[in-house]
Amino acid sequence: MVDFIAENIREIRDKIKSAAKRSNRDISEIRLMGVSKTHPVADMLSAAAKVDILGENKVQEAADKRLNWFSEEKTPWHLIGHLQRNKARKALEVFDLIETVDSLNLARMLDRILAETDKSEYPVYLEINMSGELTKNGAVPQEAAHLLEMVMQYCPRLSVEGLMTIGPNIEDEVEIRKSFEGLRILRDQLSSVSGLSLKELSMGMSTDYEIAIEEGSTIVRVGTGIFGARPE
Ligand SMILES: *Cc1c(COP(=O)(O)O)cnc(C)c1O
């Protein structure tokens with residue numbers, strides 16, 4: 001049987017390499033995340049050693065998958081879906097990093113739980129809604145500087161290491177590119193104001209990861225492109 005997952009990952013790695021070359025970027029700073037939401041643990045396991053990060057949208061689904069995870073793989077797990085505050089504790093148990101911090105309330109809740117559990121440092125990204133689409137979560141770009149300042153002030157256990165966004169749900173490549181470029185420019189501004197390096201830019205999915213890489217992405221989150229279509 002053809003291992004279509006391995007095949008897909010190989011092709012994506014090639015495209016990542018070409019996009020990096022086109023934009024004069026060092027390939028070692030770009031990581032591939034396999035987004036295995038709705039796909040079975042078995043598929044996830046066959047991808048685990050071949051991707052750099054695994055991503056899940058839902059806390060409960062990830063927790064269930066962890067129970068069936070008999071792998072030695074140490075691939076880090078990121079939460080990339082919206083986090084409700086009543087799932088915050090479980091999210092901190094299940095994931096190595098939360099990419100979707102988008103409010104001070106959520107950040108403070110995470111910080112409070114970390115204080116109880118004796119963890120002094122936990123990495124997060126701030127999710128930014130660059131497209132302005134109402135269906136999307138994330139802080140609006142105009143509020144990002146304030147949010148970062150508040151998180152640094154009130155959430156000492158959270159280490160903000162980057163920004164995350166979901167590209168606009170449109171075909172227009174110019175607009176998509178603008179949105180990713182906007183996140184990079186915002187990162188540069190926030191970095192210079194805060195003194196944090198904010199090294200990671202999590203942007204780009206199956207249909208737009210090559211554009212995202214050309215605009216500076218350090219993590220591309222690919223689901224369909226690796227695992228195939230999701231049952232809706
Ligand atoms: C589902 C999802 C992805 C992957 O989407 P594909 O289009 O299947 O590659 C990436 N990021 C987030 C936040 C997602 O929810």
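Higher on the page you've got the structure.
In this report, the structure presented in the accompanying data block is examined. (Residues numbered from 1 in each chain as written. Predicted model: local features only at pLDDT ≥ 70, side-chain atom pairs only at ≥ 80, totals over all residues. Heavy atoms only, no water.)

**Description of the site of the ligand**
Moving on, step 1. Of all residues adjacent to the ligand, which total 13 residues, the nearest are Lys 37, Ser 206, Gly 223, Thr 224 and Arg 230.
Moving on, step 2. One nitrogen or oxygen atom from the side chain of Lys 37 is found 2.7 Å from an oxygen atom belonging to the ligand.
Moving on, step 3. For the ligand, the accessible surface in isolation is 380 Å², of which the surrounding protein chains cover 91%.
Moving on, step 4. Here the shell around the ligand is composed, by residue class, of six nonpolar, four polar and three charged. (Near = heavy atom within 4 Å. Polar contact = N/O pair within 3.5 Å; in protein donor to acceptor, adjacent residues only side chain to side chain. Areas by Shrake-Rupley, 256 points an atom, 1.4 Å probe, with all protein chains shown as cover. Nonpolar A, V, L, I, M, F, W, Y, C, P; charged D, E, K, R; others polar.)

**A closer look at the nonpolar core**
Moving on, step 1. One finds Leu 32, Phe 95, Ile 98, Leu 110 and Ile 226 to be the most contacted residues of the largest nonpolar core, which totals 62 residues.
Moving on, step 2. Dropping the residues within four chain positions of it, Leu 110 is found in contact with Leu 83, Ala 88, Leu 92, Ile 98, Val 101 and Leu 158.
Moving on, step 3. Residues Ile 53, Ile 80, Tyr 125 and Ile 219 belong to the second largest nonpolar core, which totals eight residues. (Core = buried A, V, L, I, M, F, W, Y, C linked by side-chain atoms within 4.5 Å. Buried < 20%, exposed > 50% of the residue type's maximum accessible area, 1.4 Å probe, protein only. Contact = heavy atoms within 4.5 Å.)

**Considerations on the side chain of Glu 200**
Moving on, step 1. By the secondary structure assignment, Glu 200 is in strand β7 (residues 200-202).
Moving on, step 2. For Glu 200, the side chain forms a polar contact with the side chain of Lys 199, separated by 2.9 Å.
Moving on, step 3. Those residues in contact with Glu 200 that sit more than four places away from it in its chain are Arg 31, Tyr 125, Glu 161, Gly 162, Leu 163, Thr 218 and Ile 219. (Helix = DSSP H or I, 4+ residues; strand = E, 2+ residues; numbered from the N terminus.)

**Some points on the environment of Phe 4**
Moving on, step 1. Tracing the sequence through the fold places Phe 4 in helix α1 (residues 4-22).
Moving on, step 2. In sequence terms Phe 4 and Arg 112 are 108 residues apart; their C-alpha atoms lie 43 Å from each other.
Moving on, step 3. In this structure Phe 4 touches Ile 226 and Phe 227, once residues within four positions along its chain are discounted.

**Quick look at the packing of aromatic side chains**
Moving on, step 1. Evaluation of the coordinates by the stated rule reveals zero aromatic pairs.
Moving on, step 2. Sitting above the plane of the Trp 77 ring, Arg 66 keeps its charged end 4.1 Å from the centroid.
Moving on, step 3. Here the basic side chain of Arg 108 rests over the ring of Tyr 154, its NZ or CZ set 4.6 Å away from the ring centre. (Phe/Tyr/Trp six-rings, centres within 6.5 Å; stacked < 30°, edge-to-face > 60°. Lys NZ or Arg CZ within 6 Å of the ring centre and 35° of its normal.)

**Things to note about the pattern of salt bridges**
Moving on, step 1. The full count for this structure, using the stated rule, is 18 salt bridges.
Moving on, step 2. Between Lys 199 and Glu 200 there is a salt bridge, and its shortest N-O distance comes to 2.9 Å.
Moving on, step 3. With relative accessibility at 7%, the residue Glu 200 sits in the buried group.
Moving on, step 4. One network of salt bridges, with partners in common, ties together Arg 22, Glu 173, Arg 177, Arg 184, Glu 210, Glu 214 and Glu 215. (Salt bridge = Lys/Arg side-chain N within 4 Å of Asp/Glu carboxyl O.)

**Side note on the environment of Glu 7**
Moving on, step 1. Note that Glu 7 resides in helix α1.
Moving on, step 2. Within the structure, the side chain of Glu 7 is placed 2.8 Å from the side chain of Arg 10, a separation counted as a polar contact.

**Observations concerning the environment of Ser 46**
Moving on, step 1. Note on placement: Ser 46 falls in helix α2 (residues 41-48).
Moving on, step 2. Through-space distance from the C-alpha of Ser 46 to that of Lys 119 is 31 Å; in sequence the pair is 73 residues apart.
Moving on, step 3. Polar side-chain contacts of Ser 46 include one of 2.9 Å to the backbone oxygen of Asp 43.

**Thoughts on the pairing of strand β2 (residues 53-56)**
Moving on, step 1. On β2, burial covers both faces: Ile 53 and Gly 55 on one face and Leu 54 and Glu 56 on the other are all buried.
Moving on, step 2. Looking at chain direction, strand β1 (residues 31-35) and β2 are connected through three bridges and run parallel. Bridge pairing links Gly 34 to Leu 54 in β2.
Moving on, step 3. Crossover handedness for the path β1 to α2 to β2: right-handed. (Pairing = 2+ DSSP bridges. Right-handed = clockwise from strand over helix to strand, strands pointing away.)

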